[in-house]
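As a plain string of letters, each chain reads:
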Amino acid sequence: MAAAHLDVDLTPRSPNARLCANDGGMYEFWLSAHSKMLKEARVGASRFSLNPRGLLMPKYSDSNQIFYVLEGNGKVGLTFAESPGECVKLVKKGDAIAVPHGTVNWWFNSGTSKFSVLCLGDTSKSLKAGEFTDFFLVGPGSAGLLKGFTPDFIAQAWDVPEETVNTLLHSQKEERIVLLKEGISMPETTDLSNSPYGEFAYNCEEAKLDVDIKNGGRVSVVSSDSLPIFKHVGLGADLVKLDPHAMCSPGFSSDSAYQVTYIVGGSGRVQVVNQNGERVIDHMLEPGCLFIVPRFHVVSKRAGENGMEWFSIITTEKPVFSHLAGRTGVIKSLSPKTICAAFNVEDGVEKELRSRRTNDAIFFPPK
């Protein structure tokens, strides 16, 4: 019997809601109403781009999140729960930044070109499954948290006159993203003394590769082995670069996790097959689209003429994958007699199968 979630549209999609767009930058979301697999998998996705001197205002979220820098460089400031101060760090393309729910964070483009960041995360404990809910301290209209209180409450809490409260809460534009004027600076970088988890960023572009196959592809895996904070957020991640016309072996997450994949660059094709042998996804992939592989479903991707690059999160901190092809694949692990019996073939066919892909692991170069 087909699983209920197969009725959900699995089509790869670009962001379908724009929350903010001005001189400072743009903030977009994938809404679960239009991408219902987000709700099924209990994950959320958003993306923002900041122009030079653009600031994404201080906020916290109801979700454990992994941010991934798509392009440019900038600063991020994190204030962890019960921390005496904020951690400020320079981040750049390829950085994966883990941010636990309830951690106040801001982002600033300190460079001279666009600073774009993807955010993927776990919404299993969020206010709304499949979407992030951001709580901005100040900013967008009446939605800024501090503006919800009467001035006398804030005045007593901060021990300042109400006049000072009004100055603080009404001097900035009512936006999620603002463009800072020349002369206004953000804090310099700090050490990690205010981080209870130690390091919280990992550069996937510069890290030692976990897999590197000539003319095939490369992968850098981020797990709690890479950064202990990933154990706290309960998520894993990877960056994969597939060479032109190369293929990623058909495989599945063997620990019941969902895979949430964002296409960073290049193009290609993806196929996902369910337990009934049906292709539930068979689509061309372009930069900026996102799709989710349901649990235990088998997925394979093949790059186009310019190769393909993607960043994924997996809803477990130490992902475990099984592959159906390649030197280490499940099929090769079966005994010759099992293969002959299961496929109803002669020894010669089994030997031909076993003689191929003796060196390649999970990425297969084109013939």
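The structure displayed is predicted, hence computed values, not measured ones.

Enquirer: Can you break down empty space enclosed by the protein residue by residue, with the values?
Expert: Applying the stated criterion across every chain yields a total of 1 cavity of 30 Å³ or more. Estimated volume of the largest cavity: approximately 100 Å³. Surrounding the largest cavity, 13 residues form its lining, Thr11, Ser35, Met37, Leu290 and Phe291 being those nearest its centre. Considering each element in turn, the lining of the largest cavity owes the most residues, 3 residues, to strand 20 (residues 290-293). Tallied by class, the residues present in the lining of the largest cavity amount to 7 nonpolar, 3 polar and 3 charged. Structurally, the lining of the largest cavity is a two-domain feature, drawing no fewer than three residues from each of domain 1 (17-139 + 174-179) and domain 2 (208-323).

Enquirer: Tell me about the domain arrangement of the chain, and please be specific about residues and values.
Expert: Partitioning the chain into structural domains gives domain 1 (17-139 + 174-179) and domain 2 (208-323). For the pair domain 1 and domain 2, the summed buried surface comes to about 1900 Å²; carbon and sulfur atoms form 81% of the total. Taken as a group, Ile66, Tyr68 and Leu120 account for 28% of the area that domain 1 buries against domain 2, more than any other trio of residues on that side. In this structure, the connection of domain 1 to domain 2 is made through 0 salt bridges. For the side of domain 1 that touches domain 2, the secondary structure elements donating two or more residues are helix 1 (37-41), strand 3 (43-50), strand 5 (64-71), strand 8 (95-99) and strand 10 (115-122). Here the residues of the side of domain 1 that touches domain 2 sort into 16 nonpolar, 2 polar and 4 charged.

Enquirer: Which residues make up the layout of surface pockets, and what are the values?
Expert: When its volume is computed, the largest pocket comes out at roughly 500 Å³. In this structure, the largest pocket is lined by 26 residues; those nearest its centre are Val219, Asp238, Phe321, His323 and Ile362. Of all the elements in the fold, those that place two or more residues in the lining of the largest pocket are strand 15 (217-222), strand 16 (236-242), strand 17 (247-253), strand 18 (259-273), strand 21 (298-314) and strand 22 (321-323). By residue number, the principal contributor to the lining of the largest pocket is strand 21, which donates 7 residues. In terms of residue class, the lining of the largest pocket is built from 16 nonpolar, 7 polar and 3 charged. The space that makes up the second largest pocket amounts to roughly 250 Å³. Every residue lining the second largest pocket is listed: Met57, Pro58, Leu137, Val138, Gly139, Lys147, Leu168, Leu169, Ser171, Gln172, Lys173 and Glu174. Of all the elements in the fold, those that place two or more residues in the lining of the second largest pocket are strand 4 (54-61) and helix 3 (162-170). For the lining of the second largest pocket, the per-class residue count stands at 6 nonpolar, 3 polar and 3 charged.

Scoring rules and cut-offs
- Residues numbered from 1 in each chain as written.
- Predicted model: local features only at pLDDT ≥ 70, side-chain atom pairs only at ≥ 80, totals over all residues.
- Heavy atoms only, no water.
- 1 Å grid on protein atoms, 1.4 Å probe; cavity = no way out; pocket = protein on both sides within 12 Å on 5 of 7 lines; lining within 4 Å.
- Points joined across faces, edges and corners; volume = space filled by probe spheres on them.
- Helix = DSSP H or I, 4+ residues; strand = E, 2+ residues; numbered from the N terminus.
- Nonpolar A, V, L, I, M, F, W, Y, C, P; charged D, E, K, R; others polar.
- Domains from an automatic or database assignment.
- Buried area = accessible area lost by both parts, 1.4 Å probe.
- Salt bridge = Lys/Arg side-chain N within 4 Å of Asp/Glu carboxyl O.

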